[in-house]
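Here's the letter readout for the chains.
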Amino acid sequence: MLLDKVNCPSDIKNLSVEQLGRLAEEIRHFLIENLATTGGHFGSNLGVVELTLALHQVYNSPVDKIIWDVGHQAYVHKILTGRKHLFPTLRKFKGMSGFPKRGESEHDMFDVGHSSTSISAALGYAIGRDLKKENSKVVAVIGDGAMTGGMAFEALNHAGHVKSDMVVVLNDNEMSIATNVGAITNYLTKLRVDPHYSSFKKDLASILHKIGNVGDKTEKYLKRLRDSFKTLLVPGMLFEEFGFTYMGPIDGHDLTTLKKYLEQARNTKGPVLLHVVTQKGKGYAVAADAPDKMHSVSVGFNAKPGAAPKVVKAAAPTYTKVFGDTLIKLAQQNENIVAITPAMPIGSGLVKFADEFPNRFFDVGIAEQHAGTFAAGLACTGKKPVLAIYSTFLQRAYDQVIHDICIQNLPVVIAIDRAGLVGEDGETHQGAFDLSFLRCIPNIKIMMPKDENELQHMLYTASEYQEGPIAVRYPRGNGYGVKMDESFKLLPFGKSETVRDGKDVAVLALGPMVHVAEHAAELLAQDGVDARIVNMRFAKPLDEELLLELAESGMLIITLEEAAIAGGLGSAILEFYAKQRITGVELFPMGLPDQFIEHGAPQVLLDSVGLNAQSVADSVKTMVPLKQKRA
Ligand SMILES: Cc1ncc(C[n+]2csc(CCOP(=O)(O)OP(=O)(O)O)c2C)c(N)n1
Ligand SMILES: CC(=O)[C@@H](O)[C@H](O)COP(=O)(O)O
Ligand SMILES: [Mg+2]
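Residues numbered from 1 in each chain as written. Chains lettered and ligands numbered in written order. Predicted model: local features only at pLDDT ≥ 70, side-chain atom pairs only at ≥ 80, totals over all residues. Heavy atoms only, no water.

1. Some words on the coordination of the magnesium ion (ligand 3)
Those donors, Asp144 (OD), Asn173 (OD1) and Met175 (O), are the protein atoms that reach the magnesium ion (ligand 3), and they lie 2.0 to 2.1 Å from it. Written as a sequence motif, the donor arrangement for the magnesium ion (ligand 3) is D-x28-N-x1-M. Of the two residues, Asp144 sits in the loop between β3 (138–143) and α6 (150–162) while Asn173 sits in the loop between β4 (166–172) and α7 (183–193), which places them 29 residues apart along the sequence. (Donors = N, O, S within 2.8 Å, 3.2 Å for Na, K, Ca; no water. Helix = DSSP H or I, 4+ residues; strand = E, 2+ residues; numbered from the N terminus.)

2. Side note on the domain arrangement of the chain
When the domains of the chain are assigned, the result is domain 1 (3–297), domain 2 (319–473) and domain 3 (499–630). Each of domain 2 and domain 3 has a C-alpha centre, and these two points are 27 Å apart. At the interface, 30 residues of domain 2 touch 32 residues of domain 3. Together domain 2 and domain 3 conceal approximately 2,500 Å² of surface at their shared face, both sides included; 60% is due to carbon and sulfur atoms. Sorting the residues of domain 2 by area buried against domain 3 places Leu421, Arg439 and Lys450 first, and these three jointly supply 31% of that buried surface. A salt bridge links Glu575 to Arg439; the nearest nitrogen and oxygen atoms lie 2.9 Å apart. Linking domain 2 with domain 3 are 20 residue pairs in polar contact (both at pLDDT 80 or more), by the criterion used here. Considered class by class, the residues forming the side of domain 2 that touches domain 3 number 14 nonpolar, seven polar and nine charged. (Domains from an automatic or database assignment. Contact = heavy atoms within 4.5 Å. Buried area = accessible area lost by both parts, 1.4 Å probe. Salt bridge = Lys/Arg side-chain N within 4 Å of Asp/Glu carboxyl O. Polar contact = N/O pair within 3.5 Å; in protein donor to acceptor, adjacent residues only side chain to side chain. Nonpolar A, V, L, I, M, F, W, Y, C, P; charged D, E, K, R; others polar.)

3. Side note on the site of ligand 1
In the region of ligand 1, 22 residues are neighbours, and His72, Gly145, Met175, Lys280 and Glu368 sit closest. Between ligand 1 and the protein, one listed contact pairs an oxygen atom with a side-chain N or O atom of Asn173 at 2.9 Å. Lys280 is positioned with one of its side-chain polar atoms (N or O) 2.7 Å from an oxygen atom of ligand 1. Across the complex, the protein chains shield 97% of the 580 Å² of accessible surface that ligand 1 would expose by itself. Here the shell around ligand 1 is built from residues that sort into eight nonpolar, 10 polar and four charged. The residue makeup of the shell around ligand 1 includes at least three contributed by each of domain 1 (3–297) and domain 2 (319–473). (Near = heavy atom within 4 Å. Areas by Shrake-Rupley, 256 points an atom, 1.4 Å probe, with all protein chains shown as cover.)

4. Comments concerning the packing of aromatic side chains
Under the defined criterion, the tally for this structure stands at 16 aromatic pairs. Taken together, a centroid distance of 5.5 Å and an interplanar angle of 15 degrees make the contact between Tyr390 and Phe393 stacked. Under the relative-accessibility criterion, Tyr390 is labelled buried at 9%. Taken together, the aromatic side chains of Phe30, Tyr75 and Phe87 make up a single cluster linked through ring pairs. Taking the ring centre of Phe357 as reference, the NZ or CZ of Arg360 above it sits at 4.5 Å. (Phe/Tyr/Trp six-rings, centres within 6.5 Å; stacked < 30°, edge-to-face > 60°. Buried < 20%, exposed > 50% of the residue type's maximum accessible area, 1.4 Å probe, protein only. Lys NZ or Arg CZ within 6 Å of the ring centre and 35° of its normal.)

5. Thoughts on the environment of Lys269
Its location among the elements puts Lys269 in the loop between α11 (255–266) and β6 (271–277). Residue classification places Lys269 among the exposed positions, given a relative accessible area of 64%. At a separation of 3.0 Å, a polar atom in the side chain of Lys269 contacts the side chain of Asp165.

6. A closer look at helix α5 (residues 118–131)
Taking 1.5 Å per residue, 14 residues should reach 20 Å; α5 reaches 20 Å between its end C-alpha atoms and fits that length. Turning to α5, its buried residues are Ser118, Ile119, Ala121, Ala122, Leu123, Ala126 and Arg129. Each element contacted by the buried residues of α5 is listed here: β2 (65–68), β3, α6 and β4. Phi for Lys133, located one or two positions after α5, is positive at around 55 degrees. (Expected span 1.5 Å × (residues − 1).)

7. A short note on the site of ligand 2
Inspection of the region around ligand 2 gives 13 residues, with His41, Tyr390, Asp425, His429 and Arg476 positioned closest. Contact between ligand 2 and His41: an oxygen atom at 2.8 Å from a side-chain N or O atom of the residue. Here Tyr390 contributes a side-chain N or O atom positioned 2.6 Å from an oxygen atom of ligand 2. Class assignment of the residues belonging to the shell around ligand 2 gives a composition of five nonpolar, five polar and three charged.

Okay, structure coming up:
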């Protein structure tokens, strides 16, 4: 096995193209076997095997800087840079990250997980190098999906202007997670699929170039004609207009071609864009045929050659599915409802909605900022936009939420999926901050359901709410399998629900943490502590009546939320008491601590930060006697 002898990039430097081809096959087997056990991002990695090998042969990492966009396709890079042995720990707690991490290897140049950052980061590296008068090469590898993100174009705009030496490898596999969308995608398709178009353009461009040299009176006119033709006819003209030298499209699985063009790009002055065409899922039939189904695979998928991923039937529906199904029902009743997703139609549960309401569904590409303002614009016309977005990606649209949605107090529903700890994707993807960063914005209201049944009622309540923006946050994964009500209920605005009465301590919980609190109450009851459990439902507005009653009772209060403590529900309640000049309330906030939470199975992560029933019970048991003593 060639792979056995590969522990760092220099081990592949002298391999022939034929040997690299064999190594590529071995790497594909390695990936398939390992991911069958650990799960992880699958299709993208199978697609970049040859590209990664060629990059590491042509460039000299870590002196030369290879910067991955999103980073979900960096597994082959990890294999070639001494981390083969860590694959059994991939995305496990304390194990190897699923993304590049500067702390993990000197070959990882930039921490990543969100898309469209690579060109900006690479330009930072390139200009830093120039200022320091160093000699390294810089290359960004960005997918066609990530290329739909505004940041990528902000960076092209800057890079083409400053003309620093750098290479952008555009890895075009025609896929985002779902099928890629938009005008840029259509443009890349034109460049890619129509060789006649490309060669015709090249021929005509050279004829026009010659015409430009005639030097008589008509020169000016011909030059103008040439320039307007050129825009249409020179391949990759869009990138050329940005100031890049465009090369390609080339076959991203042909190692000879890859090496030739990477070398040429490396030796070209100024910014270069090399357009490489690859197949997502290459080497694994099911992933290649249906790349959207195997963008990532869960633990234990069936790795028999060509086998479909094992679908683990869960007892309870996911919150995502309940969101998607509910939105269809709501849209059937309310023709103003429209759904927006920034490139996550599958992950956000909107595939069926898109089938049923193709004209009311908008996948805007990886463009969270645009999605936010687009929703605001739609709301101005009287539509009821539902912006379905992961908590972590909503971070990208923060100004749009403030400036475009909240200042104008527009009735946009923000359906925040993946709120709380998402697990294996780690720091970059945990939905830890949305509660804190939304709560401080005037006009917005925020809810979180205790289970999947309450989610449907909250979505209904949000869809009926016309006074301004409203967010419903819900977690990744399955609900509790609770009975789903047949009809929707309008939830009383800003009101909580007491799910268990008690006199010794009040646990005010948000979202599915209500169930953790209920379990803690059972544990506490065994020790004679009588806990009242409240499902807060709303983080904003707060149930002030409840809070005043609790302050009056003198009960110890615990707040429990799967969100950053700083700025979360507990903070909101403390602010309320401070504003009311109510002193003497003893409140202990439980939630996510002031640190980035790494990757790992969700329950392992929750245990690690003390967000489980036993920890809640233990905290209460230490505090109740203290409180009683003081009383
Ligand atoms: C800002 C942001 N939005 C959405 C995502 C979710 N996401 C991860 S990979 C991906 C598709 C990226 O497509 P592409 O860059 O073409 O890479 P491919 O998966 O095709 O290899 C998306 C939408 C993300 N990581 N970051
Ligand atoms: C890399 C990335 O951002 C996505 O692929 C993400 O990992 C998807 O997460 P879900 O599995 O929660 O949809
Ligand atoms: Mg792609």
